[in-house]
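# Remarks on the overall topology
Listed below, chain by chain, are the residues.
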Amino acid sequence: MAKSSYQAPRGTLDLLPSQARARQRVERVAATILGRAGYEPIATPIFEDTDLFERGVGRSTDIVRKEMFTFEDKGGRSITLRPEGTAPICRAYLEHGMHKLAQPVKLFYRGPFFRHERPQAGRYRQFHQIGLETIGTDSPLADAEAIMLLADLLAELAVPGVELRLGSLGSPDSRAAYLEELKAYLRSHEGELSKDVRERIDLNPLRAFDADDEETRAVMVGAPTIVERLDGEDAKHFAEVRALLEADGVPYRVDPTLVRGLDYYTRTIFSFVCAGLGAQSEVGGGGRYDGLIEQLGGPSTPAVGWAVGIERILLAMGDNSAPVVRDAFLAAADDDQRQRAMALAIELRHAGLSAEVDLAGRGLKGQLKHANRIGARHVLIFAADGSLQMRDMKTGEQRPVAPSHVLDELSK
Ligand code: HAM
């Protein structure tokens, strides 16, 4: 006997038509905004060699340590469902020789990503991102443009209560010196830190700024920040990004304790948070990753990018799904007329209107009721004698119409 209690796997979402429509709209708006700025779509596989993420995202990150869906394929290779898109795009950039194209290469993508996290509102095991990557330039203009495009997207979608936080991690050298200073500070307060933070003083001291634990937070209030320690070139780069954002009227707040959960970031990092989202308050974020492509075996190539969570955008927007437009329903009195109805529906669809016919074998009365239920604006009724009537469902007005005039009448 068939089991009747199947459910979607834990941490996954079914998008029913109204939500799937809302998501389509988000994707359409993004494609328009990014397309106008010259970003081209790209798509990479849903799974990759595990090593790509271990190297790219970083072995000390939560993503790699705890959250990857990793399995062995039938050939004994270790495969991982992609937890993020930047490492795969850099892989594709190198694999397809895009470093030989005119730089920067400007790309955007969307699709599902997978992280084995504890599910809660705004946090899923399969979620969807729209992402952007600008590869092959270290100009602060690229950072500013990336940030402005994400700000534009969120504004165009009218996501309420969005705030931009900005930070800089400096370059690997200045960061290394800073990290030593931070480790020393953490060690001098070891007794006050949470177990998790204490255990990772050497592995990932920056995560201490992210801790939820009260005592750890109190210690971190006095901790040195990287923004105070940026060296000449890094400080100049950061100042330029800030000046560009200010010149374009993009409000932001410098957050000297901003950290991100991926290891590849250098210099600029940013996060768009939304008060209405609760614990998972980030809608999107990203930053510069000047060392990643070299890390993956390519030439030294600076790059910057971001990703936003589509589910988080939809959560923040609330339910504002637009109603579906149904221009016409074509009803038929009998089987002969059904064929004519279908032929006319196809013609209307080719002309760009939405047109439906009965697929459930309803009688004429049932078809009219159904047309009303789905909110069709007009019903075209093919009577048994072959005549055609058009009814305006708003006014109730009904009159004869020639099939060759239907398109004109509906387009009025
Ligand atoms: P990320 O911050 O890990 O960055 O993820 C970006 C966005 O994906 C988050 O702001 C959030 O909206 C969404 N997200 C992440 N995890 C989940 C989850 N479990 N459930 C729902 N939504 C989630 C990256 O992935 C980088 N690749 C961004 C980037 C691109 N940096 C440079 N280029």
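Here the structure is shown first, and the text comes after it.
Every residue gets a number counted from 1 within its own chain, in the order that chain's sequence is written. Note on the predicted model: pLDDT of at least 70 is required for a residue's local features to be given, and 80 or more for side-chain atom pairs to be given and counted; whole-chain, interface and lining totals, by contrast, use all residues. Side-chain descriptors were evaluated using all non-hydrogen atoms of the structure, hydrogens and water having been removed beforehand.

### Looking at the overall build of the protein
As a reminder of what qualifies: Helix and strand assignments come from DSSP, with helices taken as H or I runs of at least 4 residues and strands as E runs of at least 2, each series counted from the N terminus. Both definitions apply: the radius of gyration is a C-alpha atom measure, and the globule rule equals 2.2 Å times residues to the power 0.38. Residues count as neighbours in contact if any of their non-hydrogen atoms are within 4.5 Å of one another. Using a 1.4 Å probe, accessible areas were evaluated by the Shrake-Rupley method; residue-level cover was limited to the displayed protein chains. In this count, Lys and Arg are taken as positive residues and Asp and Glu as negative ones, while His and the chain termini are left out. Here the site of a charge means atom NZ of a Lys, CZ of an Arg, CG of an Asp or CD of a Glu.
Each helix and strand counted, the protein has 14 helices and 16 strands in total. Against the compact-globule benchmark of 22 Å for 412 residues, the protein has a radius of gyration of 27 Å, which places it well outside the compact range. Across its three principal directions, the C-alpha atoms of the protein cover 90 × 60 × 45 Å. Counting only contacts in the protein whose residues sit at least 6 apart along the sequence, the fraction spanning at least 24 positions is 68%. Approximately 20,800 Å² of the protein is accessible, and the part contributed by carbon and sulfur atoms is 50%. Side-chain charges of the protein comprise 52 positive and 60 negative groups, with the mean position of each set lying 6 Å from the other.

### Some words on the site of the ligand
Condition: By convention in these notes, a residue is near a molecule or strand provided one of its non-hydrogen atoms lies within 4 Å of it. Polar contact criterion, stated in full: a pair of N or O atoms within 3.5 Å, where within protein one must be able to donate a hydrogen and the other to accept it, and residues adjacent in sequence count only if both atoms are side-chain atoms.
Glu84, Glu117, Arg260, Tyr265 and Glu282 are the nearest of the 26 residues found near the ligand. In the model, a nitrogen atom of the ligand is placed 2.8 Å from a nitrogen or oxygen of the Glu133 side chain. One of the backbone N or O atoms of Val283 is found 2.8 Å from an oxygen atom in the ligand. Look at the ligand: alone it shows 660 Å² of surface, and the protein chains cover 96% of it.

### Some points on the nonpolar core
Formally: Among buried residues, the Ala, Val, Leu, Ile, Met, Phe, Trp, Tyr and Cys ones that are joined through side-chain atoms within 4.5 Å form a nonpolar core. For the exposure calls, accessible area comes from a 1.4 Å probe over protein chains only, and a residue counts as buried if that area is under 20% of its type's maximum, exposed if over 50%, partly exposed in between.
In this structure, Leu34, Leu153, Leu245, Trp306 and Ile313 are the most contacted members of the largest nonpolar core, which totals 88 residues. Looking at which element gives the most residues to this core, the answer is helix H5 (residues 140-156), with 7 residues. Excluding its chain neighbours within four sequence positions, the residues that come into contact with Leu153 are Val29, Ala30, Ile33, Trp306 and Val308.

### A look at the sheet that holds strand S3 (residues 70-72)
For clarity, the threshold we go by: When DSSP finds two or more bridges between a pair of strands, those strands are recorded as paired. Here, axes are lines fitted to C-alpha atoms. For helices the fit covers the stretch in contact, and angles between N-to-C directions go from 0 to 180 degrees.
Pairing within the open sheet is antiparallel, and its 3 strands lie in the order S2-S4-S3. Only two strands of the sheet have a single partner each, and these edge strands are strand S2 (47-49) and S3. Geometrically, the sheet is characterised by an average inter-axis angle of 35° between neighbouring strands, direction not taken into account. As paired strands, S2 and strand S4 (residues 78-81) are joined by 3 bridges and run antiparallel to one another. Paired with Phe47 across the bridge in S4 is Leu81. On top of the sheet, helix H2 (residues 50-57) reaches S2, S3 and S4; it is set at about 80° to S2, its chief contact.

### A look at helix H1 (residues 17-36)
Where we set the bar: One less than the number of residues in a helix, times 1.5 Å, gives the span that helix is expected to have. Arc, as used here, means the arc of the directions from the helix axis to the C-beta atoms.
If you check H1, its first and last C-alpha atoms are 28 Å apart, about what 20 residues at 1.5 Å a residue would give, namely 28 Å. Listed in full, the buried residues belonging to H1 are Ala22, Arg23, Val26, Glu27, Val29, Ala30, Ile33 and Leu34. All buried residues of H1 lie within an arc of 160° about the axis, which places them on one face of the element. Of the exposed residues in H1, those oriented more than 90 degrees away from the buried face are Pro17, Arg28 and Arg36. Elements in contact with the buried residues of H1: strand S5 (105-114), strand S6 (126-135), H5, strand S11 (303-309) and helix H11 (310-317). In the segment just after H1, Gly38 is the residue with positive phi, at about 85°.

### Some points on the layout of surface pockets
Which entries qualify depends on this criterion: For each structure, a 1 Å grid was placed over the protein atoms alone; sets of points admitting a 1.4 Å probe that cannot get out are labelled cavities, open sets with protein on both sides within 12 Å along at least five of seven lines are labelled pockets, and lining residues have an atom within 4 Å of a point. Grid points are joined across faces, edges and corners, and a volume is the space filled by probe spheres set on the points. Amino acids are sorted into nonpolar (Ala, Val, Leu, Ile, Met, Phe, Trp, Tyr, Cys and Pro), charged (Asp, Glu, Lys and Arg) and polar (every other residue, Gly among them).
Within this model, the second largest pocket holds a volume of roughly 540 Å³. Lining the second largest pocket are 29 residues, and of these Arg175, Leu262, Asp263, Tyr264 and Tyr265 sit closest to its centre. Elements with a contribution of two residues or more to the lining of the second largest pocket: H2, helix H6 (172-188), strand S9 (266-274) and helix H10 (292-295). At 4 residues, H6 tops the list of elements feeding residues into the lining of the second largest pocket. Across the lining of the second largest pocket, the residue classes break down as 12 nonpolar, 9 polar and 8 charged.

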